[in-house]
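Working through the structure, step by step
Each chain, written out:
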Amino acid sequence: MDEATAKILAETFLECVVAPKFAPGALEILRAKKNLRLLATGAWLAADHAALQSKRVGGGLAVQTRDATAAGEVAGGKVVTKRAPTAAELASLEFAWRVCKHVKSNAIVLAQGEHTVGVGAGQMSRVISVQIACEKAGELSRGSVLASDAFFPFPDGLEAAAKHGITAVAQPGGSVKDPDVIATADAHGIAMVMTGFRHFRH
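The present account deals with the structure reproduced in this document. (Residues numbered from 1 in each chain as written. Predicted model: local features only at pLDDT ≥ 70, side-chain atom pairs only at ≥ 80, totals over all residues. Heavy atoms only, no water.)

Notes on the overall build of the protein chain
Each helix and strand counted, the protein chain has six helices and ten strands in total. For the protein chain, whose C-alpha radius of gyration is 22 Å, the value lies well above the compact-globule estimate of 17 Å for 202 residues. Along the three orthogonal principal directions, the C-alpha set of the protein chain runs to about 70 × 35 × 30 Å. Counting all 202 residues of the protein chain, 39% fall into the buried class. Of all intrachain contacts in the protein chain linking residues separated by at least 6 positions in sequence, the fraction that spans at least 24 positions is 45%. When the accessible surface of the protein chain is split by element, carbon and sulfur atoms take 57% of a total near 11200 Å². Averaging the positions of the 22 positive and the 19 negative side-chain charges in the protein chain gives two centres separated by 6 Å. (Helix = DSSP H or I, 4+ residues; strand = E, 2+ residues; numbered from the N terminus. Rg over C-alpha atoms; globule rule 2.2 N^0.38 Å. Buried < 20%, exposed > 50% of the residue type's maximum accessible area, 1.4 Å probe, protein only. Contact = heavy atoms within 4.5 Å. Areas by Shrake-Rupley, 256 points an atom, 1.4 Å probe, with all protein chains shown as cover. Lys, Arg positive; Asp, Glu negative; His and termini not counted. Charge placed at Lys NZ, Arg CZ, Asp CG, Glu CD.)

Observations regarding helix H6 (residues 178-187)
Owing to its 3.6 residues per turn, the α-helix aligns residues three or four sequence positions apart on the same side. Along H6, the positions that sit buried rather than exposed are Asp-178, Val-181, Ile-182, Thr-184 and Ala-185. An end-on view of H6 places all buried positions within 160 degrees of arc, on one side of the element. Of the residues in H6, the exposed ones pointing more than 90 degrees away from the buried face are Pro-179 and Ala-187. Its buried side turned inward, H6 meets helix H5 (156-163), strand E9 (168-171) and strand E10 (191-194). (Arc of directions from axis to C-beta.)

Points about the nonpolar core
Within soluble globular proteins, side chains that are nonpolar generally end up buried alongside one another. Counting 23 residues, the largest nonpolar core has Leu-110, Val-130, Leu-146, Phe-152, Leu-158, Val-169 and Met-192 as the members making the most contacts within it. When contributions to this core are tallied by element, the ones reaching two or more residues are strand E6 (108-112), helix H4 (126-137), H5, H6 and E10. In terms of residue count, the dominant contributor to this core is H4 (five residues). Leave out the neighbours within four places in its chain, and Val-169 touches Leu-93, Leu-146, Phe-152, Leu-158, Ile-190, Ala-191, Met-192 and Val-193. Phe-95, Trp-97, Val-145 and Ala-168 belong to the second-largest nonpolar core, a separate cluster that totals 16 residues. (Core = buried A, V, L, I, M, F, W, Y, C linked by side-chain atoms within 4.5 Å.)

Quick notes on unusual backbone geometry
One non-glycine residue, Ser-105, lies in the positive phi region at around 60 degrees. Of note, Ser-105 is situated in the loop between helix H3 (87-100) and E6.

Details of the pattern of salt bridges
For the structure shown, the criterion picks out two salt bridges. Glu-89 is the partner of Arg-83 in a salt bridge, and the nearest nitrogen-oxygen pair spans 3.0 Å. A relative accessible area of 11% means that Glu-89 is categorised as buried. For Asp-149, the salt bridge goes to Arg-126, with nearest N and O atoms at 2.8 Å. (Salt bridge = Lys/Arg side-chain N within 4 Å of Asp/Glu carboxyl O.)

Quick word on the sheet that holds E10
Pairing is mixed in the open sheet, where six strands are placed in the order E5-E10-E9-E8-E6-E7. Edge strands, defined here as strands with exactly one partner in the open sheet, are strand E5 (78-79) and strand E7 (115-120). As paired elements, strand E8 (residues 145-148) and E9 share three bridges and run parallel to each other. Looking at E9, one finds that Ala-147 is bridged to Ala-170. Relative to E7, H4 is tilted by about 135 degrees, and along the sheet it contacts E6, E7 and E8. (Pairing = 2+ DSSP bridges. Axes fitted to C-alpha atoms, helices over the stretch in contact; angles between N-to-C directions.)

Looking at helix H2 (residues 24-31)
Of the positions making up H2, those classed as buried are Gly-25, Ala-26, Leu-27, Ile-29 and Leu-30. Where H2 is buried, its residues contact helix H1 (3-9) and strand E2 (37-40).

Topic: a nonpolar patch on the surface
Together, Leu-52, Leu-61 and Val-63 make up a nonpolar patch on the protein surface, roughly 280 Å² of accessible area in all. When its relative accessible area of 58% is taken as the criterion, Leu-61 is described as exposed. (Patch = residues over 30% accessible without salt bridge, like charges linked within 9 Å, V, L, I, M, F, W, Y side chains within 5 Å.)

Observations concerning the side chain of Glu-94
Tracing the chain through its elements places Glu-94 in helix H3. No salt bridge is formed by the buried Glu-94. Its closest oppositely charged neighbour is Arg-98, at 4.7 Å. Here the side chain of Glu-94 touches Val-74 through a polar contact of 3.3 Å, landing on its backbone nitrogen. Those residues in contact with Glu-94 that sit more than four places away from it in its chain are Ala-71, Gly-72, Glu-73, Val-74 and Ala-75. (Polar contact = N/O pair within 3.5 Å; in protein donor to acceptor, adjacent residues only side chain to side chain.)

What follows is the structure, given as structure tokens:
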């Protein structure tokens, strides 16, 4: 925390400021504010750990790497089906994959081009998330692509996607049932890319 930043912060109401460390001039400015708590964390909050995020759990913290999705993760993934995605499907999958990062818990995102047409989230079952996303999309599900934040544990999610006309899928892969999921995609002519990256966060 440098002096210039401290001057800006001093202009508003604050109860607490947390920083890796405080410059002497910054401390002088901020200490003049009544009832303001200052916490110097030390190096753990510095750049070396900028890629970590935490969530409070009973008795402690769950610490995990931040989801830093980069462009090209789908294109750099592995096509595991007999049919590869077309150029248009691949571009749409890249978009859906980026959106999927921001959806919580068994996230399913349907897209056409660079437009989200359906989202399923917050479910205990991935197949239910697929069904919700398809129902929300309605007729727009036909010809759309699907991104899943984590692997399909069973082929039923692909069966539901096929029923609603999904043409291509991006997912991390890594399930013991991957061969069955791939076979189901092939049976319905769905192109599938496994990215090797997982968006799912607890």
